[in-house]
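Structural overview for review
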Amino acid sequence: MIAKEKFRVCPDTGFKVFDTTEKLIKINAVVAVVFLAVGGLFGLLVALTRWPAVHLLPADLFYLVLTAHGADVLLFWIVFFEVAVLYFAGSVLLNVRLAAPRWAWAAFILMLVGAVMANVAVLQGESSVMFTSYVPMRVAPHFYLGLILFAVGALVAMFVFFGTLVIAKEEKTYEGSVPLVTFGAIVAAIIAVYTIASGAIILIPTLLWSLDLVADIDSVMYKLVWWGMGHSSQQINMATQVSIWYCIAAMVLGAKPLSEKVSRGAFLLYIVFLQLASAHHLLVEPGISSEWKVFNTSYALYLAVLGSMIHGMSIPGAVECAQRRRGFNEGMFGWLRKAPWGNPAFSGMALSVVLFGILGGITGVVLGAEQLNIIMHNTLYVPGHFHGTVVAGTTLAFMAITYLVVPLIFRREIIWPKVAQWQPYLFGLGVTGISLFMMGAGTLGVSRRHWDMAFTDAPLNFDVPPAAFLMMGLNGISAVIASIGGIMFILVIVGTILFGKKRGEDACRTNPVILPGGGATVMAAGSEGTLKLPGTIALVSVFFAAFVLYYFVNWKYLSEVWPLS
Amino acid sequence: MALTPPENPHWWREPLHRMEIGWITIAFLWGLFMFGVMVYWHINGEQNLSNEAYRVNPDVYGEKVEAFAEKYTVRTEGKTEIPVVKPPPGSDIYMLGRLWEWWPILELQKDQTYRLHLSSMDWQHGFSLQPTNINLQVHPKYEMVVTLKPTKSGEFGVVCNEFCGIGHHTMLGKIYVVDK
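The rules we used
- Residues numbered from 1 in each chain as written.
- Chains lettered and ligands numbered in written order.
- Predicted model: local features only at pLDDT ≥ 70, side-chain atom pairs only at ≥ 80, totals over all residues.
- Heavy atoms only, no water.
- Contact = heavy atoms within 4.5 Å.
- Buried area = accessible area lost by both parts, 1.4 Å probe.
- Salt bridge = Lys/Arg side-chain N within 4 Å of Asp/Glu carboxyl O.
- Helix = DSSP H or I, 4+ residues; strand = E, 2+ residues; numbered from the N terminus.
- Expected span 1.5 Å × (residues − 1).
- Buried < 20%, exposed > 50% of the residue type's maximum accessible area, 1.4 Å probe, protein only.
- Core = buried A, V, L, I, M, F, W, Y, C linked by side-chain atoms within 4.5 Å.
- Domains from an automatic or database assignment.
- Pairing = 2+ DSSP bridges.
- Axes fitted to C-alpha atoms, helices over the stretch in contact; angles between N-to-C directions.

Let's shift gears to the interface of chain B and chain A. Counting from both sides, the interface comprises 87 residues of chain B and, opposite them, 114 residues of chain A. Both faces combined, the contact of chain B with chain A buries some 8,900 Å², and carbon together with sulfur accounts for 68% of it. Looking only at chain B, the three residues that lose the most surface to chain A are B:Leu3, B:Trp23 and B:Phe163, adding up to 9% of its buried area. With a closest N to O distance of 3.1 Å, A:Asp216 and B:Lys141 form a salt bridge.

Set out below in structure tokens:
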């Protein structure tokens, strides 16, 4: 019976691709892209409304659309895509059939029903409470129910993935330890389990409360547990996106991690420490002690940040190493100049690493310092930061790998390669603008989730600095640029899936999207045998200098604020 | 390679690259340092939040704020005649957030300290004092106390920066800081 499971051998990579795996990867990825398109459109409407000169939507629609934007892109786009990545990292990379395909389909259907239900609840207009739905604001019960169904579906998908690992181990479809990309996916799935558990712990009582079956939900406790889901789910993204970075570097350049031990150790730090980050959302709340805030907000001595900083070195290190082995040895940055910048998978990955580190990472640490949070909490600085992590980091990484998934799994040749080539740059540029200008406006005190920074209808008046209006205009322009990048992505991908030329058996020679032989390693030796990597040292030094400088600048800002104690 | 099992089955015994050891050490020490900065700031920094907070019934809190306002009101302002309250320096001062206003308006003296009490009558609100940019989360049923010292005179806006429904963007309060 086991032998009957149908599969094909990928002519590009040599991996076995089982029929059910392929179907499930396709369907989850396609639905993910649909939610990206819908949620991205909502995002554009948000940005155009916050652009003071345009101020597109009326207030009620603005808050509605903002709620839908959060749910669709932060949750549905990302998690559907992550499920596809997990099935790839489990089934394809380990050459094994997917465990319990029926459960995998059930997971998909639950997730889809939940996501649609939550969208319906929001679009009906009675649930414009923002994606976070802080109590004691009340919304329609089917909003919570939709989220719960979606979470349960995602949990089932995680167990399908774990089951697949067990089968692979039992049937010895791989030798030794699992590949690094699978290891990262396992980390993501483990984090997902306790993330979804947190979600269930808080959303189920909240659903009952919305039905008047529970009397009261404490508002601070709600935030603590809700962000146990909300922030930890960003760490699922982290683990997945870092796996994708390694995956793309391996496929396109044959890059090998400098050291398996270091990369895996860094992933493990995520599992142990990331969930403390719920504290990031509670730094200016009443009723929580400073000791608790300081310990948790720093992930216990910044050990999860350490994990990310390690990946931040080992990804460019692996790329530099691979490039030098392939002969691009000229000077400090010859390897970087000769990198395949015209390949959207590579350029998307590289931009994702850099933008995530600088726009998302550094600002996240600053924002998460207990006292610095006082001058940033709930200003536009916050969405500025997380558009750096989730959009420039995660979304760009997911887009980048899609340029490999489509030829390899869908077996279609990318139509309009020129459009695909420019897409990551345009999207990256737009998102960089969004992130920077929102952070700029936030530093000037502009509130997030706010329809009118001019306070036209308020009984009192307050003048926001003119520079902030300029920032919001530039943010709007950046959002338009990012949207054009997003539309290019959707058009190329959907167009390719529907109308792309079938990718033939010999395409790996005539039109390679990855190194021949599935990116067979170009390095044999362990890390001690690797070359000197001056380019990576230089890049990491620049990053570190920026980090230190920016960190102190913000303490300087804080020191000028009214004394508080 | 990252897509296949490690070639060396004993990968955990491979020695580390010098660059890796160097970077891990630097990153780890930087983390310790940043942790230390937060602790240091609690000891020597001037901008820290107190740990003082009480559970409070919103109605009881509302009565306290009313009594406070009645005692120290000096004038009223705006279409809705919000009282402007001028409490003595060093005293306990009160503000409440409700749909959709911060109440009352406070008038404080420069370089004097006050114990500011904050709570919400209904949903969560965000106390965002601008342009000085101090942001605090205000919960119903929690009374938070922060000691603050205005160091600049002028007119300051209190924006609500936690979404609180359809009138959220009209929720605005005010604090005046006057020279002695």
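Take A:Thr195: it is sitting in helix α5 (residues 180–210). Between the C-alpha atom of A:Thr195 and that of A:Val225, which follows or precedes it by 30 residues, the distance is 9.6 Å.

Glancing now at α5(A). All names here are of chain A. With 31 residues, α5 should reach 45 Å at 1.5 Å per residue; the first-to-last C-alpha distance of 44 Å fits that figure. Along α5, 22 of the 31 residues are buried, which leaves the element largely enclosed by surrounding structure. Note on α5: the residue one or two positions beyond its end, Asp-212, has a positive phi of about 65°.

Moving on, we get to the nonpolar core. In terms of nonpolar packing, the biggest core is built from 272 residues, with A:Phe76, A:Trp77, A:Phe80, B:Phe127 and B:Ile175 touching the most fellow members. Taken together, domain 1 (11–44) and domain 2 (53–178) of chain B each give at least three residues to this core, which thus spans both. Beyond its immediate chain neighbours, meaning those up to four positions away, B:Ile175 contacts B:Met95, B:Leu106, B:Leu108, B:Phe127, B:Leu129, B:Gly154, B:Glu155, B:Phe156 and B:Val158.

Here we come to the sheet that holds strand β9 (residues 134–138) of chain B. All names here are of chain B. The seven strands lie next to each other as β2-β3-β6-β12-β11-β8-β9, forming an open sheet whose pairing is mixed. Each having just a single partner strand, β2 (73–77) and β9 make up the two edges of the open sheet. Within this sheet the neighbouring strands show an average axis-to-axis angle of 20°, counted without direction. Pairing geometry for β2 and strand β3 (residues 82–85), over four bridges, is antiparallel. Bridge pairing in β3 places Arg-75 opposite Val-84. The strands that helix α2 (residues 58–72) touches are β2, β3 and β6 (105–109); relative to β2, the one it contacts most, it runs at about 100°.

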